[in-house]
Amino acid sequence: MTEEQLADRPFDAAAYVDAAADLIGLPLDPAHRPGVILNMQRIAEMAALVMAFPLPDDVEPAPVFLP
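All of the points below concern the structure found in this document. Being a predicted model, the structure only gives us computed values, none of them experimental.

Bringing the overall build of the protein into the picture now. If you tally the helices and strands in the protein, you get two helices and zero strands. Relative to the 2.2 N^0.38 estimate, which gives 11 Å for 67 residues, the radius of gyration of the protein is 17 Å and therefore markedly larger than a compact globule would have. Oriented by its inertia axes, the alpha-carbon framework of the protein measures out at about 45 × 45 × 20 Å. Counting across all 67 residues of the protein, residues that qualify as buried make up 6%. Carbon and sulfur atoms make up 65% of the accessible area of the protein, which amounts to about 6,400 Å² in all.

The next point concerns the environment of Met-51. Position of Met-51 relative to the elements: it lies in helix 2 (residues 33-51). Residue classification places Met-51 among the exposed positions, given a relative accessible area of 69%. Considering only alpha carbons, one finds Met-51 and Pro-67, 16 residues apart in sequence, at a separation of 21 Å.

Moving on: the environment of Arg-42. Following the sequence through the fold, Arg-42 ends up in helix 2. Given a relative accessible area of 44%, Arg-42 falls into the partly exposed group.

For the rest of this paragraph, the subject is helix 1 (residues 13-24). Spanning twelve residues, helix 1 covers 16 Å between terminal C-alpha atoms, matching the ideal 16 Å at 1.5 Å per step. Within helix 1 the residues assigned to the buried category are Ala-13, Val-17 and Ala-21. Taken down its axis, helix 1 places every buried residue within 65° of arc, on the same side. Turned more than 90 degrees off the buried face of helix 1, the exposed positions are Asp-22 and Leu-23. On its buried side, helix 1 packs onto helix 2. For helix 1, the N-terminal capping position is held by Asp-12, with its side-chain oxygen 3.3 Å away from the main-chain nitrogen of Ala-14.

Within a pair of aromatic rings, the relevant descriptors are the distance that separates the centres and the angle that separates the planes. The full count for this structure, using the stated rule, is one aromatic pair. Geometrically, the ring pair formed by Phe-11 and Tyr-16 is tilted, given 5.8 Å between the ring centres and 50° between the ring planes. When its relative accessible area of 47% is taken as the criterion, Phe-11 is described as partly exposed.

Rules and cut-offs
Residues numbered from 1 in each chain as written. Predicted model: local features only at pLDDT ≥ 70, side-chain atom pairs only at ≥ 80, totals over all residues. Heavy atoms only, no water. Helix = DSSP H or I, 4+ residues; strand = E, 2+ residues; numbered from the N terminus. Rg over C-alpha atoms; globule rule 2.2 N^0.38 Å. Buried < 20%, exposed > 50% of the residue type's maximum accessible area, 1.4 Å probe, protein only. Areas by Shrake-Rupley, 256 points an atom, 1.4 Å probe, with all protein chains shown as cover. Expected span 1.5 Å × (residues − 1). Arc of directions from axis to C-beta. Contact = heavy atoms within 4.5 Å. Polar contact = N/O pair within 3.5 Å; in protein donor to acceptor, adjacent residues only side chain to side chain. Phe/Tyr/Trp six-rings, centres within 6.5 Å; stacked < 30°, edge-to-face > 60°.

Geometric descriptors of this kind do not, in isolation, establish any biological role.
Below you can see the structure in the form of structure tokens.
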């Protein structure tokens, strides 16, 4: 039997928001929770776009960012 990797699981924004708020002791108003979850889902979608961009193995970050 193979062990499921965390990266292979679908992202559960609601579970993440609840766990992160508990972890840092942040009281989350129930009225604000749906908006926080929606924004976390959006952040995850944006991150997926960045992570899907292929980079060669030999690429290195620039020491100074110049726009």
